[in-house]
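# Chains, contacts and geometry: an overview
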Number of protein chains: 2
Amino acid sequence: MSKCEQCIVKQFNSLKHLSREELKRVSACKTSKIIKKGKPLFEEGDRINGVFCIKDGVCKVSKMSENGRNQIISLIKKGDIIGERSLISDEPANLTAIALDDMEVCFIPKEEIIKDLEKNPGFTMSVLKDMANTLKKADNVIVDMAQKTVKQRLAETLIRLKDKFDVTDDGIINLQLSREDFANIVGTATESAIRLLSDFKKRGLVEFKGKEFKILDTKSLEKIAQGF
Amino acid sequence: MSKCEQCIVKQFNSLKHLSREELKRVSACKTSKIIKKGKPLFEEGDRINGVFCIKDGVCKVSKMSENGRNQIISLIKKGDIIGERSLISDEPANLTAIALDDMEVCFIPKEEIIKDLEKNPGFTMSVLKDMANTLKKADNVIVDMAQKTVKQRLAETLIRLKDKFDVTDDGIINLQLSREDFANIVGTATESAIRLLSDFKKRGLVEFKGKEFKILDTKSLEKIAQGF
DNA sequence: TAAAAAAACTGACATATATCATATTTTAGA
DNA sequence: TCTAAAATATGATATATGTCAGTTTTTTTA
């Protein structure tokens with residue numbers, strides 16, 4: 001099994017603040033897992049008892065509403081850490097995480113992370129900063145959900161996806177989303193998402209080939225996102 | 001000026017984890033302020049450079065959307081602390097806080113809080129827990145905003161307000177919200193909020209006398225919030 | 001207290017979006 | 001490869017909600 005000390009992925013998250021010693025201890029107690037596309041990392045109500053460090057792949061993090069509809073809260077990719085929240089507040093998971101492609105993740109048990117949080121202020125501060133940032137983004141999403149139209153939100157989503165995920169030379173975004181996933185990110189009915197995406201396609205703003213897609217006209221999408 | 005060591009308000013927030021010594025230092029550098037109803041504690045883009053501890057009163061925390069409409073993200077009351085986020089991420093405020101009644105607040109400068117975060121793991125952990133909790137709530141709000149109807153959200157809002165704020169013997173909730181405020185919490189047009197509130201009133205679920213209001217039928221409101 | 005301004009309210013109407021039904025295409029499984 | 005199932009697509013229709021316009025009530029201020 002690979003060692004945390006040598007793992008590039010940690011550069012992208014709070015674990016980079018751990019000392020060599022601390023990393024060795026983490027490495028010794030971590031476990032590696034392969035999560036197949038469509039399978040859950042964890043589900044609402046699970047006691048996670050640790051955090052996941054994403055080595056490769058993408059997952060969608062979602063929650064069921066009382067209406068029985070699913071809402072995707074965020075997409076998590078290589079380098080991200082997930083599960084800190086339930087660990088910190090010592091509660092079962094509030095969200096469900098499902099792999100969008102085959103994933104490689106490392107699981108670090110709770111006790112180890114808690115130990116580091118207690119002993120390494122730099123690490124704690126980094127986790128704190130991370131959370132402050134997530135919270136800021138969440139607030140912005142609330143505003144968008146409450147005040148923007150579905151079309152605006154969909155346009156914005158497309159732009160954000162392009163910025164967040166890798167793009168191949170010919171512009172294809174490295175991400176496998178179903179139309180239902182799009183709908184569940186934006187918070188609309190699948191049919192509405194399909195209609196709007198077709199419309200964007202017709203207008204030459206995006207290109208879809210099955211689930212592969214690329215952004216053709218960012219400027220126009222930005223304008224739509226702003227309400228024009 | 002009153003001393004933090006003797007202040008009851010700190011019992012309700014992370015400051016309770018500070019030692020007597022630390023509290024004395026905080027007390028020595030804090031400043032007290034009176035914020036008049038309708039006046040801002042801070043506004044989007046301000047560099048706050050510290051945190052506010054709310055000694056008395058309520059404020060609304062909101063953000064402008066690109067559409068030019070205002071969204072209230074949360075209501076902050078006695079005992080709450082606000083401003084930690086910009087402090088931690090060292091960024092200008094992302095939100096605006098405006099007093100809903102006359103407020104009494106203490107301002108603690110950034111350096112003092114940073115010092116405590118560095119030296120007192122219990123305090124840091126408490127701030128971390130607080131933030132994890134806020135984040136969980138934010139996620140739930142996102143789901144509601146995305147998936148519930150305006151009517152559902154308004155019903156839910158009413159219930160939450162009753163639970164969060166003091167209620168007099170005759171059931172009146174100690175909170176001064178305009179119809180526009182209600183609309184901006186729920187994320188709808190003022191007219192729509194007015195219409196739905198009148199409807200709830202007609203059906204005997206709430207009672208309004210000007211801005212004073214009380215919940216008459218929590219059970220029914222809960223059912224509406226769940227979509228019935 | 002009167003006048004002006006702001007807030008609350010009501011109605012008419014437009015429209016974005018959900019829902020339901022059905023057709024077509026793609027994917028997965030035997 | 002064939003079949004069944006799932007995903008995508010499209011149309012018709014219903015409905016929730018936004019917008020605009022105007023009235024009434026409340027609050028502010030001169």
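Residues numbered from 1 in each chain as written. Chains lettered and ligands numbered in written order. Predicted model: local features only at pLDDT ≥ 70, side-chain atom pairs only at ≥ 80, totals over all residues. Heavy atoms only, no water.

### Considerations on the pattern of salt bridges
Residues and elements named next belong to chain A. Filter applied, for reference: Criterion for a salt bridge: a side-chain nitrogen of Lys or Arg within 4 Å of a carboxyl oxygen of Asp or Glu. Numbered from the N terminus, helices here are DSSP runs of H or I no shorter than four residues, and strands are runs of E no shorter than two. Burial classification: accessible surface area is computed with a 1.4 Å probe over protein chains only, and a residue below 20% of its type maximum counts as buried, one above 50% as exposed, and the rest as partly exposed.
Inspection of every chain in the model, using the stated rule, returns 28 salt bridges over all chains. When the shortest N-O distance is used, the salt bridge between arginine 25 and glutamate 112 registers 3.1 Å. Highlighted residues: arginine 25 in helix α1 (residues 20-29) and glutamate 112 in helix α3 (residues 110-119), separated in sequence by 87 residues. Aspartate 181 is the partner of lysine 60 in a salt bridge, and the nearest nitrogen-oxygen pair spans 2.8 Å. Of this pair, lysine 60 sits in strand β4 (residues 59-64) while aspartate 181 sits in helix α6 (residues 179-186), and the two are 121 residues apart along the sequence. As far as the burial class goes, lysine 60 and aspartate 181 line up, both buried.

### Overview of the packing of aromatic side chains
Applied cut-off: Stacked, tilted and edge-to-face pairs are distinguished by plane angle, under 30 degrees for stacked and over 60 for edge-to-face with tilted covering the rest, among Phe, Tyr and Trp rings (Trp via its six-membered ring) whose centres lie within 6.5 Å. Charge-over-ring placement is defined geometrically: NZ (Lys) or CZ (Arg) within 6 Å of the ring centre, and within 35 degrees of the ring normal.
By the definition in use, this model includes ten aromatic pairs over all chains. Geometrically, the ring pair formed by Phe42(B) and Phe52(B) is stacked, given 5.9 Å between the ring centres and 20° between the ring planes. Taken together, the residues Phe42(B) in strand β2 (residues 40-42) and Phe52(B) in strand β3 (residues 50-56) connect sequence positions ten residues apart. Phe52(B) shares its class with Phe42(B); the two are buried. Feature note: the residues Phe42(A), Phe52(A) and Phe107(A) constitute an aromatic cluster, connected by ring pairs. The ring of Phe107(A) carries the charged tip of Lys33(A) above its face, separated from the ring centre by 5.7 Å.

### Observations concerning the protein's contact with DNA strand D
Just so we agree on the cut-off: For this purpose, a residue is taken to be near a molecule or strand whenever a single non-hydrogen atom of the residue falls within 4 Å of it. Contacts described as polar in this section are N or O atom pairs within 3.5 Å, which, within protein, must combine one atom able to donate a hydrogen with one able to accept it, while residues neighboring in sequence count only if both atoms come from side chains.
Residues in close proximity to DNA strand D total 18 residues, the closest being Arg179(A), Arg195(A), Val150(B), Thr188(B) and Ser192(B). Counting only the atoms of DNA strand D that lie within 4 Å of the protein, the sugar and phosphate share comes to 56%. Between a base nitrogen of DNA strand D and a side-chain N or O atom of Arg195(A), the distance comes to 2.9 Å. Contact distances for DNA strand D include 3.2 Å between a base nitrogen and a side-chain N or O atom of Glu191(B). Elements supplying a minimum of two residues to the surface near DNA strand D: α6 and α7 (190-202) of chain A together with α5 (150-164) and α7 (190-202) of chain B.

### Here we look at the side chain of Asp181(B)
All names here are of chain B. Heads up, the condition is: By definition, residues are in contact when any of their heavy atoms lie within 4.5 Å.
Assessed through its relative accessible area of 6%, aspartate 181 is described here as buried. A distance of 2.8 Å separates a polar atom in the side chain of aspartate 181 from a polar atom in the side chain of lysine 60. Aside from chain neighbours lying at most four places away, what touches aspartate 181 is Lys60, Ile72, Leu100 and Gln176.

### Let's talk about the domain arrangement of chain A
Residues and elements named next belong to chain A. So the rule is basically this: Here the limits of each domain have been adopted from an automatic or database domain assignment. Put simply, buried area is how much 1.4 Å-probe accessible surface two parts lose in total, over both of them, once they are put together.
In terms of domain boundaries, chain A breaks down into domain 1 (4-130) and domain 2 (146-225). For domain 1 and domain 2, the distance between their C-alpha centres works out to 27 Å. At the interface, ten residues of domain 1 touch twelve residues of domain 2. Taken over both partners, the interface formed by domain 1 and domain 2 buries close to 1,000 Å², and the fraction arising from carbon and sulfur atoms is 53%.

### Digging into the sheet that holds strand β7 (residues 96-99) of chain B
All names here are of chain B. What counts here: Paired strands, as defined in this entry, are two strands with at least two bridges between them according to DSSP. As a rule, the C-alpha atoms of each element are fitted with a line to give its axis, helices using only the stretch in contact, and angles between N-to-C directions run from 0 to 180 degrees.
Taken in spatial order, the four strands make up an open sheet running β2-β7-β4-β5, and their pairing is antiparallel. Bordering the open sheet on either side are β2 and β5 (70-76), each of which pairs with just one other strand. Averaged over all neighbouring strand pairs, the angle between strand axes comes to 30°, with direction disregarded. Strand direction decides the pairing type here: strand β4 (residues 59-64) and β5, joined by six bridges, are antiparallel. Residue pairing across strands places methionine 64 opposite asparagine 70, the latter belonging to β5. In the packing of helix α6 (residues 179-186) onto the sheet, the strands contacted are β4 and β5, and the crossing angle to β5 comes to about 95°.

### With respect to the sheet that holds strand β3 (residues 50-56) of chain A
Residue and element names in this part refer to chain A. Judged by pairing direction, the sheet is antiparallel, and its four strands sit side by side in the order β1-β8-β3-β6 without closing on themselves. Looking at which strands have only one partner, the edges of the open sheet turn out to be β1 (31-35) and β6 (81-82). Here β3 runs beside strand β8 (residues 103-109); their pairing, made up of six bridges, is antiparallel. Following the sheet pairing, phenylalanine 52 is matched in β8 by phenylalanine 107. Sitting on the sheet, α3 is in contact with β3 and β8, with an inclination near 65° to β8.

### Concerning the protein's contact with DNA strand C
Quick note on the threshold: Each residue is assigned to one of three groups, with Ala, Val, Leu, Ile, Met, Phe, Trp, Tyr, Cys and Pro labelled nonpolar, Asp, Glu, Lys and Arg labelled charged, and all others, Gly among them, labelled polar.
Residues in contact with DNA strand C amount to 17 residues; listed here are only the nearest, Val150(A), Thr188(A), Ser192(A), Arg179(B) and Arg195(B). Take the atoms of DNA strand C that sit within 4 Å of the protein: sugar and phosphate atoms are 59% of them. A distance of 2.5 Å separates a phosphate oxygen of DNA strand C from a polar side-chain atom of Thr188(A). Take Glu191(A): an N or O atom from its side chain is 3.2 Å from a base nitrogen of DNA strand C. Contributing elements (two or more residues each) for the surface near DNA strand C: α5 (150-164) and α7 of chain A together with α6 and α7 of chain B. The element that contributes the greatest number of residues to the surface near DNA strand C is α7(B), accounting for four residues. Grouping the amino acids of the surface near DNA strand C by side-chain chemistry returns three nonpolar, five polar and nine charged.

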